[in-house]
Amino acid sequence: MSNTPITVAKGDGIGPEIMDATLHILKEAGARLDIEEIEIGEKVYLAGNSAGIAQSSIQSLLRTKVFLKAPITTPQGGGFKSLNVTTRKMLGLYANVRPCVAYDPYVRTKHPGMNLVIVRENEEDLYAGIEHQQTPDVTQCLKLITRSGCQRIVKYAFEYARRNNRKKVTCFTKDNIMKITDGLFHKVFDEIGALYEDIEKEHWIVDIGAAKMADTPEAFDVIVMPNLYGDILSDVAAQIAGSVGLAGSANIGAKYAMFEAIHGSAPRRANQNLANPSGLLLGAVMMLVHINQPDIAAAVHNAWLKTLEDGVHTYDIFKEGISKEKVGTKEFAQAVASRVGQLPEKFKPVTYNTAPSQTVEDTIYAASTVKKETIGVDMFVQYPPGLTEELGKKLEALTPEGLKLVMVSNRGVKVYPGGLKDTITTDHWRCRFHSTTDGAPITHQQIIGLLSSAEAAGLDFIKTENLCTFDGKPGFSLGQGQ
Ligand code: NAD
């Protein structure tokens, strides 16, 4: 079988030591790799490259499509862009995969039976970075959730479950509140989940789901979620598993993938043969599965588990009475390498499938067949807080062709007509107009007419949002109380 080219960066601090240890183990286990090494991190930043990675190195990533990355040190002071965010966005790494496993009794944990994987959507949600201050009082951040993005991440979670012998995929959303955005994520989860009959499916509202995860993580197997919840909960899960120092993570895209440890470059521990290479090694195990060397991945993973249970430990997890031998980075790597071919006895041995038993084809979203109709418009205006009736009267007095005011809301709550006096208002008002003929479509020209009449009345409009139906179903939320 031919070798797979990969790009390797040794990073900063303890990076070079843990990368050498990892590569030593992979080599001894017979991983079939052609390694291209690139430089990233502190030196590159300090040489004036604000991204921390040179163009020539990016060419290597584009060539090999697989990146094994050691942690880097981001220099103090402003102006340095996060290398992780750059790589993730540049290479379209839409899935972040983080196994959170307890290794009781060798690593202190709150939950000895914990063994779950968080699959976090990595590109969308509030992280699209589209933010505006719209009035002196009001700021907003756009939460973008796409059907195609949900399909990609949900499908990835199910394929991951299948390939890694996991039995259940749970979805976390807040679709009781965000019925359209999180509702779409949940809906796509149900649609795609139905294609995986062999895997159990469930959905939790993220708040109670998170509480359950923190309390009884054994109840979960694979959890898939939108970006923000995943960002927060993957850290919570790694922390309560006790494995922050041992956890690896994968960032996966359609063409490219990046594998790393979740910890940083621990500069104080550098160059002393102290660091624990386990996080990066477990990242490398995920890489081996990704490049279709699951036999080597399992051999490395099992040798590592055996080393752990044999009590051969680096300083960070060494415990009197439990550990047998305190070793440095190099000796730990040798201990793992010498156990390749052995299976753990206390931990359950790991197996990886050669390939998913059956891959579900993408459910192609036929956007063109969906009938969209614009049936109204929300015009947002800046107007002093508290003057609900005055604004309402001004809006009623506008005479846009074929449009009528149906409500005004403030921070989502309907305040006009017939709002409550006690509702606190800001300077940011949403004024909803529909056709004068109930339910009839409206035109762009009518929206322009509305804006012209608002302009003539001296109203400071900030933006509009079209109110559309898709195949007859409303694609917008009602005002609270509407
Ligand atoms: P850190 O993860 O580097 O260290 C936190 C603590 O854990 C330290 O006490 C350290 O000694 C210990 N530790 C971490 N990894 C260890 C290992 N493999 N073996 C033994 N002990 C280990 O976090 P930090 O100190 O906050 O950050 C240091 C630098 O790393 C910063 O420049 C930060 O920006 C960077 N960082 C990089 C990444 C990355 O490249 N993915 C991630 C996080 C932090």
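Residues numbered from 1 in each chain as written. Predicted model: local features only at pLDDT ≥ 70, side-chain atom pairs only at ≥ 80, totals over all residues. Heavy atoms only, no water.

## What about the state of the cysteines?
Piece 1. Going through the model one piece at a time under the given rule, you end up with zero disulfides.
Piece 2. You can see C141 has no disulfide; the closest cysteine sulfur is in C150, sitting 16 Å from it. (Disulfide = S-S within 2.5 Å.)

## Looking at the pattern of salt bridges
Piece 1. According to the stated counting rule, one finds 23 salt bridges in the structure shown.
Piece 2. Between E260 and K69 there is a salt bridge, and its shortest N-O distance comes to 2.9 Å. Taken together, the residues span a long stretch of sequence, with E260 in strand β12 (residues 257-261) and K69 in strand β3 (residues 66-69) at a distance of 191 residues. Here the two residues E260 and K69 agree in accessibility, since each one is buried.
Piece 3. Between K143 and D182 there is a salt bridge, and its shortest N-O distance comes to 2.8 Å. (Salt bridge = Lys/Arg side-chain N within 4 Å of Asp/Glu carboxyl O. Helix = DSSP H or I, 4+ residues; strand = E, 2+ residues; numbered from the N terminus. Buried < 20%, exposed > 50% of the residue type's maximum accessible area, 1.4 Å probe, protein only.)

## Some points on the domain arrangement of the protein chain
Piece 1. If you check the domain split of the protein chain, you get domain 1 (1-91 + 252-352), domain 2 (110-241) and domain 3 (372-474).
Piece 2. Look at where the C-alpha atoms of domain 1 and domain 2 centre, and you get two points 26 Å apart.
Piece 3. If you look at the interface, domain 1 gives nine residues, while domain 2 gives 10 residues.
Piece 4. Linking domain 1 to domain 2 there are zero salt bridges.
Piece 5. The tally of links between domain 1 and domain 2 comes to four residue pairs in polar contact (both at pLDDT 80 or more).
Piece 6. Of the residues contributing to the side of domain 1 that touches domain 2, the split by class is five nonpolar, two polar and two charged. (Domains from an automatic or database assignment. Contact = heavy atoms within 4.5 Å. Polar contact = N/O pair within 3.5 Å; in protein donor to acceptor, adjacent residues only side chain to side chain. Nonpolar A, V, L, I, M, F, W, Y, C, P; charged D, E, K, R; others polar.)

## Focus on the sheet that holds β12
The strands making up a sheet associate through hydrogen bonds between their backbones, and the pairing can be parallel or antiparallel.
Piece 1. If you trace the 10 strands from one edge of the open sheet to the other, you get β2-β1-β3-β12-β11-β4-β5-β10-β8-β9, paired in mixed fashion. Looking along the sheet, the strands with just one partner apiece sit at the ends: β2 (33-38) and β9 (200-205). For this sheet the average axis-to-axis angle between neighbouring strands, irrespective of direction, equals 20 degrees.
Piece 2. Note: strand β8 (residues 168-173) against strand β10 (residues 222-225), three bridges, orientation parallel. Its bridge partner being in β10, T170 is matched across the sheet by I223. (Pairing = 2+ DSSP bridges. Axes fitted to C-alpha atoms, helices over the stretch in contact; angles between N-to-C directions.)

## A closer look at the site of the ligand
Piece 1. In the vicinity of the ligand, 18 residues are found, and the nearest of them are I72, G264, A266, N276 and Y315.
Piece 2. Residue H263 places a side-chain N or O atom 3.1 Å away from a nitrogen atom belonging to the ligand.
Piece 3. Residue S265 places a main-chain N or O atom 3.0 Å away from an oxygen atom belonging to the ligand.
Piece 4. Considered on its own, the ligand offers 810 Å² of accessible surface; in the complex 63% of this is hidden by protein.
Piece 5. Classifying every residue of the shell around the ligand gives seven nonpolar, seven polar and four charged. (Near = heavy atom within 4 Å. Areas by Shrake-Rupley, 256 points an atom, 1.4 Å probe, with all protein chains shown as cover.)

## Let's talk about the nonpolar core
Soluble, globular proteins show a tendency: their nonpolar side chains are buried together.
Piece 1. Counting residues in each nonpolar core, the largest one holds 80 residues, and the members touching the most others are L26, Y103 and W304.
Piece 2. In this structure, this core is formed jointly by two domains, domain 1 (1-91 + 252-352) and domain 2 (110-241), each of which donates at least three residues.
Piece 3. For W304, the contacting residues outside a window of four places in its chain are Y103, L246, S278, L281, L282, F332 and V336.
Piece 4. Counting residues in each nonpolar core, the second largest holds 21 residues, with Y383, L391, V415 and F433 among its members. (Core = buried A, V, L, I, M, F, W, Y, C linked by side-chain atoms within 4.5 Å.)

## Focus on the packing of aromatic side chains
Piece 1. One pass over the full model with this rule turns up 10 aromatic pairs.
Piece 2. Plain terms: the ring middles of Y45 and F80 are 5.3 Å apart, the flat faces sit at 75 degrees to each other, and that makes the pair edge-to-face. Of this pair, Y45 sits in helix α2 (residues 42-46) while F80 sits in the loop between β3 and α4 (83-90), placing them 35 residues apart in sequence.
Piece 3. Given a relative accessible area of 26%, F80 falls into the partly exposed group.
Piece 4. Between Y103 and F347, the ring centres sit 5.9 Å apart and the planes meet at 90 degrees, which makes this aromatic pair edge-to-face. In this pair, Y103 sits in the loop between β4 (95-101) and β5 (115-121) while F347 sits in the loop between α11 (329-338) and β15 (372-382), placing the two residues 244 residues apart along the sequence. Per residue, the accessibility class of Y103 equals that of F347, and both read buried. (Phe/Tyr/Trp six-rings, centres within 6.5 Å; stacked < 30°, edge-to-face > 60°.)

## A closer look at the packing of helix α9 (residues 278-290) against helix α10 (residues 294-309)
Piece 1. The contact between α9 and α10 brings their axes to 7 Å, and the two run at 155 degrees. Our classification of the angle between α9 and α10 gives roughly antiparallel. Crossing hand, α9 versus α10: left-handed. Between α9 and α10, the residues in contact are S278, L281, L282, V285, L288 and V289 and P294, I296, A297, V300, H301 and W304, respectively.
Piece 2. Class assignment for the residues of the contact of α9 with α10 results in 10 nonpolar, two polar and no charged. (Parallel < 35°, antiparallel > 145°, perpendicular 65-115°, else oblique. Left-handed = near helix turned anticlockwise from the far one by under 90°.)

## Considering the side chain of N302
Piece 1. Within the fold, N302 resides in helix α10.
Piece 2. For N302, the residues in contact, after removing those within four places along its chain, are Q342, L343, P344, P349 and V350.

## Describing the sheet that holds strand β16 (residues 403-410)
Piece 1. The six strands are arranged β17-β16-β18-β15-β19-β20 in an open sheet whose pairing can be described as antiparallel. With partners counted over all chains shown, the strands left at the sheet margins are β17 (413-416) and β20 (473-474), one partner each.
Piece 2. Two elements, β16 and strand β18 (residues 428-435), share seven bridges in a ladder whose sense is antiparallel. Along β18, the bridge assignment pairs L403 with S435.
Piece 3. The strands that helix α12 (residues 388-397) touches are β15, β16, β17 and β18; relative to β17, the one it contacts most, it runs at about 75 degrees.
Piece 4. Packed onto the sheet, helix α13 (residues 444-456) meets β15, β16, β18 and β19 (460-470) and runs at close to 155 degrees relative to β19.

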